[in-house]
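Tertiary structure, described
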Amino acid sequence: MQLPHAVLEFIDHRPVLHEQKLDGGMISLTRRIVTEKTSFVIKQCPNPPPHLYQRESEGLKALGVEGGPRIPQVLRVSDEYLLLEDLGKNEPGPGFWAKFGQQVALMHQVTRPKYGFDHDNYLGLQLMDNTWSDDGWEFFARTRVLRFLGEPLCEEFLTTQDRSRVERLAAQLPSLIPFQPPSLIHGDLWTSNMLVAPDGSPAVIDPATYFGWPEAELSMTCAYDGVGPEFFDAYREINPLESGWQSRFEILGIREMLSMIAHTGNEYGTVQALRAVLEKYA
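None of these values were measured; they are calculated from a predicted model. (Residues numbered from 1 in each chain as written. Predicted model: local features only at pLDDT ≥ 70, side-chain atom pairs only at ≥ 80, totals over all residues. Heavy atoms only, no water.)

What follows is about helix H2 (residues 52-63). In a regular helix each residue adds 1.5 Å, so 12 residues correspond to 16 Å; H2 covers 17 Å between its end C-alpha atoms and thus fits that length. By the criterion of burial, H2 is predominantly enclosed, with 9 of the 12 residues buried. For H2, every residue scored as buried is listed here: Leu52, Tyr53, Gln54, Arg55, Glu56, Ser57, Gly59, Leu60 and Leu63. (Helix = DSSP H or I, 4+ residues; strand = E, 2+ residues; numbered from the N terminus. Expected span 1.5 Å × (residues − 1). Buried < 20%, exposed > 50% of the residue type's maximum accessible area, 1.4 Å probe, protein only.)

Working note: non-glycine residues mostly have negative phi, and peptide bonds are mostly trans. The phi dihedral of His51 falls on the positive side, at around 60 degrees, and the residue is not glycine. Along the chain, the position of His51 falls in the loop between strand S3 (39-44) and H2. Positive phi is not limited to glycine here, since Asp206 has a value of about 50 degrees. By secondary structure assignment, the location of Asp206 is in the loop between strand S10 (202-204) and strand S11 (210-212).

Moving on, we come to the packing of helix H7 (residues 214-221) against helix H8 (residues 229-238). One can describe the packing of H7 onto H8 by two numbers: an axis separation of 12 Å at closest approach and a directional angle of 165 degrees. Considering their axes alone, H7 and H8 lie roughly antiparallel with respect to each other. Seen along the crossing, H7 lies across H8 with a hand that is right-handed. Counting all contacts with H7, which are made through Pro214, Leu218 and Thr221, the residues of H8 involved are Phe231, Phe232 and Tyr235. (Axes fitted to C-alpha atoms, helices over the stretch in contact; angles between N-to-C directions. Parallel < 35°, antiparallel > 145°, perpendicular 65-115°, else oblique. Left-handed = near helix turned anticlockwise from the far one by under 90°. Contact = heavy atoms within 4.5 Å.)

Here it is as C-alpha coordinates:
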(Lines give C-alpha, C1' and ligand atoms only; values in the text may rest on other atoms or scores of the structure.)
Protein backbone atom coordinates (compact mmCIF):
# COMPACT_ATOMS: atom_id res chain seq x y z
CA MET A 1 0.00 0.00 0.00
CA GLN A 2 1.17 3.51 -0.74
CA LEU A 3 2.10 5.91 2.02
CA PRO A 4 -0.60 8.57 2.54
CA HIS A 5 0.25 12.12 1.51
CA ALA A 6 0.09 13.33 5.12
CA VAL A 7 2.70 10.72 6.06
CA LEU A 8 4.96 11.82 3.23
CA GLU A 9 4.67 15.37 4.55
CA PHE A 10 5.54 14.11 8.04
CA ILE A 11 8.81 12.65 6.77
CA ASP A 12 9.41 15.78 4.70
CA HIS A 13 9.23 13.73 1.48
CA ARG A 14 12.54 12.07 2.29
CA PRO A 15 13.17 8.84 0.39
CA VAL A 16 12.28 5.60 2.12
CA LEU A 17 15.47 3.61 2.66
CA HIS A 18 13.88 0.44 3.98
CA GLU A 19 10.42 -1.00 4.48
CA GLN A 20 9.65 -4.09 6.58
CA LYS A 21 6.34 -5.87 7.06
CA LEU A 22 5.77 -6.59 10.74
CA ASP A 23 4.18 -9.76 12.07
CA GLY A 24 1.49 -10.19 14.67
CA GLY A 25 -1.75 -8.55 13.55
CA MET A 26 -4.46 -10.09 11.40
CA ILE A 27 -6.34 -6.89 10.58
CA SER A 28 -3.91 -4.22 9.43
CA LEU A 29 -0.93 -4.21 7.13
CA THR A 30 1.71 -3.04 9.61
CA ARG A 31 5.09 -1.84 8.33
CA ARG A 32 8.26 -0.31 9.69
CA ILE A 33 9.32 2.58 7.45
CA VAL A 34 12.93 3.76 7.66
CA THR A 35 14.17 7.04 6.21
CA GLU A 36 17.55 8.72 6.51
CA LYS A 37 16.49 10.56 9.68
CA THR A 38 13.78 8.52 11.32
CA SER A 39 11.80 5.32 11.44
CA PHE A 40 8.17 4.82 12.29
CA VAL A 41 5.43 2.21 12.15
CA ILE A 42 2.35 2.60 10.00
CA LYS A 43 -0.83 0.54 10.19
CA GLN A 44 -3.18 0.51 7.21
CA CYS A 45 -6.30 -1.47 6.35
CA PRO A 46 -7.85 -1.50 2.84
CA ASN A 47 -11.42 -1.12 4.12
CA PRO A 48 -11.28 -0.31 7.84
CA PRO A 49 -14.49 -0.12 9.87
CA PRO A 50 -15.50 3.38 11.00
CA HIS A 51 -13.00 5.12 13.27
CA LEU A 52 -10.88 1.98 13.76
CA TYR A 53 -7.61 3.87 14.15
CA GLN A 54 -9.06 6.76 16.13
CA ARG A 55 -10.38 4.27 18.69
CA GLU A 56 -6.97 2.57 18.85
CA SER A 57 -5.27 5.92 19.33
CA GLU A 58 -7.63 6.82 22.18
CA GLY A 59 -7.07 3.44 23.79
CA LEU A 60 -3.31 3.95 23.74
CA LYS A 61 -3.71 7.36 25.32
CA ALA A 62 -5.88 5.93 28.11
CA LEU A 63 -3.23 3.30 28.89
CA GLY A 64 -0.54 5.92 29.40
CA VAL A 65 -0.84 5.91 33.19
CA GLU A 66 1.88 6.53 35.75
CA GLY A 67 3.78 3.35 36.49
CA GLY A 68 2.20 1.40 33.63
CA PRO A 69 3.87 -0.05 30.53
CA ARG A 70 5.19 2.34 27.93
CA ILE A 71 2.97 3.10 24.94
CA PRO A 72 4.16 4.29 21.53
CA GLN A 73 3.61 7.94 20.70
CA VAL A 74 0.83 8.48 18.17
CA LEU A 75 2.32 10.62 15.40
CA ARG A 76 -0.65 10.84 13.01
CA VAL A 77 -4.08 9.23 12.87
CA SER A 78 -6.90 9.20 10.32
CA ASP A 79 -9.68 6.92 9.10
CA GLU A 80 -7.20 5.16 6.80
CA TYR A 81 -4.03 4.78 8.88
CA LEU A 82 -2.28 5.06 12.22
CA LEU A 83 1.29 6.35 12.38
CA LEU A 84 3.23 5.39 15.50
CA GLU A 85 6.58 5.85 17.14
CA ASP A 86 8.82 2.92 16.25
CA LEU A 87 9.75 1.01 19.40
CA GLY A 88 11.92 -1.40 17.41
CA LYS A 89 12.38 -5.13 17.89
CA ASN A 90 14.38 -5.74 21.05
CA GLU A 91 15.01 -8.79 23.21
CA PRO A 92 13.98 -8.83 26.89
CA GLY A 93 16.79 -8.54 29.40
CA PRO A 94 17.08 -9.86 32.97
CA GLY A 95 14.08 -8.95 35.11
CA PHE A 96 12.02 -7.82 32.12
CA TRP A 97 9.00 -10.04 32.73
CA ALA A 98 8.91 -9.26 36.44
CA LYS A 99 8.94 -5.55 35.60
CA PHE A 100 6.16 -6.12 33.07
CA GLY A 101 4.06 -7.86 35.72
CA GLN A 102 4.57 -4.97 38.14
CA GLN A 103 3.57 -2.40 35.54
CA VAL A 104 0.43 -4.27 34.46
CA ALA A 105 -0.54 -4.57 38.14
CA LEU A 106 -0.17 -0.80 38.57
CA MET A 107 -2.24 -0.24 35.43
CA HIS A 108 -4.96 -2.49 36.85
CA GLN A 109 -5.03 -0.40 40.03
CA VAL A 110 -6.52 2.44 37.98
CA THR A 111 -10.24 1.86 38.51
CA ARG A 112 -13.66 3.33 37.73
CA PRO A 113 -17.03 2.87 39.48
CA LYS A 114 -18.46 0.98 36.48
CA TYR A 115 -17.41 -1.56 33.84
CA GLY A 116 -17.04 -0.35 30.27
CA PHE A 117 -15.39 2.60 28.60
CA ASP A 118 -16.11 6.11 27.38
CA HIS A 119 -16.94 4.78 23.91
CA ASP A 120 -17.13 1.56 21.96
CA ASN A 121 -13.93 0.33 20.30
CA TYR A 122 -12.61 -2.67 18.40
CA LEU A 123 -11.18 -6.08 19.09
CA GLY A 124 -9.72 -6.89 15.70
CA LEU A 125 -12.56 -5.98 13.35
CA GLN A 126 -15.29 -6.68 15.91
CA LEU A 127 -16.99 -3.65 17.44
CA MET A 128 -17.06 -4.02 21.22
CA ASP A 129 -19.97 -2.67 23.23
CA ASN A 130 -18.50 -0.70 26.14
CA THR A 131 -21.74 0.72 27.55
CA TRP A 132 -21.17 1.34 31.24
CA SER A 133 -22.49 -1.35 33.60
CA ASP A 134 -22.63 -1.75 37.39
CA ASP A 135 -22.45 -5.55 37.06
CA GLY A 136 -19.15 -7.10 36.01
CA TRP A 137 -20.66 -10.55 35.40
CA GLU A 138 -23.42 -9.13 33.21
CA PHE A 139 -20.94 -6.93 31.37
CA PHE A 140 -18.50 -9.74 30.59
CA ALA A 141 -21.28 -12.16 29.62
CA ARG A 142 -23.08 -9.71 27.34
CA THR A 143 -20.20 -7.82 25.74
CA ARG A 144 -17.29 -10.31 25.80
CA VAL A 145 -19.04 -13.69 25.35
CA LEU A 146 -22.59 -13.67 23.99
CA ARG A 147 -21.95 -10.82 21.55
CA PHE A 148 -19.90 -13.15 19.34
CA LEU A 149 -22.65 -15.74 18.83
CA GLY A 150 -24.30 -13.62 16.15
CA GLU A 151 -21.14 -13.22 14.07
CA PRO A 152 -21.33 -15.04 10.71
CA LEU A 153 -18.39 -17.39 11.30
CA CYS A 154 -19.62 -18.29 14.78
CA GLU A 155 -23.02 -19.09 13.32
CA GLU A 156 -21.32 -21.24 10.69
CA PHE A 157 -18.95 -23.20 12.94
CA LEU A 158 -20.83 -23.48 16.24
CA THR A 159 -23.65 -25.99 16.59
CA THR A 160 -26.90 -25.40 18.46
CA GLN A 161 -25.42 -27.39 21.35
CA ASP A 162 -22.26 -25.27 21.33
CA ARG A 163 -24.30 -22.08 21.50
CA SER A 164 -26.49 -23.41 24.33
CA ARG A 165 -23.42 -24.34 26.32
CA VAL A 166 -21.87 -20.90 25.79
CA GLU A 167 -25.10 -19.35 27.07
CA ARG A 168 -25.15 -21.66 30.10
CA LEU A 169 -21.55 -20.85 30.94
CA ALA A 170 -22.24 -17.11 30.64
CA ALA A 171 -25.17 -17.51 33.05
CA GLN A 172 -22.93 -19.31 35.56
CA LEU A 173 -20.25 -16.59 35.70
CA PRO A 174 -21.42 -15.17 39.08
CA SER A 175 -20.75 -18.54 40.70
CA LEU A 176 -17.46 -19.13 38.86
CA ILE A 177 -15.70 -15.74 38.91
CA PRO A 178 -15.16 -13.70 42.09
CA PHE A 179 -15.90 -9.99 42.31
CA GLN A 180 -13.20 -7.83 40.76
CA PRO A 181 -13.24 -4.02 40.54
CA PRO A 182 -13.56 -2.32 37.15
CA SER A 183 -9.86 -1.98 36.34
CA LEU A 184 -8.12 -0.32 33.41
CA ILE A 185 -7.11 -3.14 31.09
CA HIS A 186 -5.41 -3.35 27.72
CA GLY A 187 -8.06 -5.73 26.43
CA ASP A 188 -5.93 -7.82 24.07
CA LEU A 189 -2.74 -8.44 26.04
CA TRP A 190 -1.12 -11.38 24.30
CA THR A 191 2.60 -11.70 23.69
CA SER A 192 2.64 -10.09 20.24
CA ASN A 193 1.22 -6.94 21.84
CA MET A 194 3.87 -6.95 24.59
CA LEU A 195 7.11 -5.34 23.40
CA VAL A 196 10.55 -4.41 24.63
CA ALA A 197 11.17 -0.67 24.18
CA PRO A 198 14.61 0.58 23.05
CA ASP A 199 15.61 1.27 26.66
CA GLY A 200 14.64 -2.29 27.65
CA SER A 201 11.41 -1.32 29.39
CA PRO A 202 8.04 -3.04 28.82
CA ALA A 203 5.68 -1.55 26.25
CA VAL A 204 2.27 -2.39 24.83
CA ILE A 205 0.58 -1.88 21.46
CA ASP A 206 -2.74 -2.71 19.74
CA PRO A 207 -5.16 -2.18 22.64
CA ALA A 208 -8.87 -2.88 22.99
CA THR A 209 -9.05 -0.78 26.13
CA TYR A 210 -11.86 -0.82 28.70
CA PHE A 211 -12.47 -1.10 32.44
CA GLY A 212 -13.02 -4.73 33.28
CA TRP A 213 -11.80 -7.75 35.24
CA PRO A 214 -8.03 -8.01 35.81
CA GLU A 215 -8.26 -11.81 35.60
CA ALA A 216 -9.81 -11.51 32.13
CA GLU A 217 -6.72 -9.55 31.08
CA LEU A 218 -4.34 -12.05 32.64
CA SER A 219 -6.11 -15.00 31.01
CA MET A 220 -5.20 -13.47 27.64
CA THR A 221 -1.49 -13.42 28.51
CA CYS A 222 -1.73 -17.21 28.96
CA ALA A 223 -3.60 -17.82 25.70
CA TYR A 224 -0.30 -18.05 23.82
CA ASP A 225 3.26 -18.93 24.80
CA GLY A 226 5.81 -16.41 26.02
CA VAL A 227 4.87 -15.06 29.44
CA GLY A 228 6.64 -16.81 32.32
CA PRO A 229 5.74 -17.30 36.00
CA GLU A 230 7.91 -14.36 37.07
CA PHE A 231 5.35 -12.05 35.40
CA PHE A 232 2.54 -13.37 37.59
CA ASP A 233 4.66 -13.52 40.75
CA ALA A 234 5.57 -9.85 40.39
CA TYR A 235 2.01 -8.92 39.47
CA ARG A 236 0.55 -10.57 42.57
CA GLU A 237 2.97 -8.75 44.88
CA ILE A 238 1.28 -5.50 43.86
CA ASN A 239 -2.22 -6.64 42.93
CA PRO A 240 -3.05 -9.88 44.79
CA LEU A 241 -5.43 -12.37 43.17
CA GLU A 242 -7.95 -14.56 44.92
CA SER A 243 -7.22 -18.25 45.39
CA GLY A 244 -7.85 -20.33 42.27
CA TRP A 245 -6.95 -17.53 39.84
CA GLN A 246 -5.06 -19.84 37.49
CA SER A 247 -7.95 -22.29 37.18
CA ARG A 248 -10.28 -19.46 36.15
CA PHE A 249 -8.14 -18.49 33.17
CA GLU A 250 -9.61 -21.21 30.96
CA ILE A 251 -13.14 -20.01 31.72
CA LEU A 252 -12.28 -16.39 30.96
CA GLY A 253 -10.36 -17.53 27.88
CA ILE A 254 -13.62 -18.27 26.07
CA ARG A 255 -13.66 -14.60 25.07
CA GLU A 256 -10.49 -15.09 23.03
CA MET A 257 -11.73 -18.39 21.59
CA LEU A 258 -15.01 -16.88 20.43
CA SER A 259 -13.19 -13.86 19.01
CA MET A 260 -10.85 -16.14 17.06
CA ILE A 261 -13.77 -18.13 15.68
CA ALA A 262 -15.52 -14.87 14.71
CA HIS A 263 -12.40 -13.75 12.84
CA THR A 264 -10.95 -16.99 11.41
CA GLY A 265 -13.52 -19.77 11.79
CA ASN A 266 -11.85 -23.02 12.82
CA GLU A 267 -8.55 -22.34 11.08
CA TYR A 268 -6.57 -22.97 14.28
CA GLY A 269 -8.73 -25.69 15.82
CA THR A 270 -10.38 -23.13 18.09
CA VAL A 271 -13.81 -24.76 17.93
CA GLN A 272 -12.43 -27.96 19.47
CA ALA A 273 -10.61 -25.97 22.17
CA LEU A 274 -13.81 -24.11 23.02
CA ARG A 275 -15.79 -27.35 23.20
CA ALA A 276 -13.28 -28.80 25.67
CA VAL A 277 -13.88 -25.87 28.04
CA LEU A 278 -17.65 -26.01 27.56
CA GLU A 279 -17.65 -29.76 28.24
CA LYS A 280 -15.91 -29.10 31.54
CA TYR A 281 -17.97 -26.18 32.80
CA ALA A 282 -21.27 -26.13 30.90
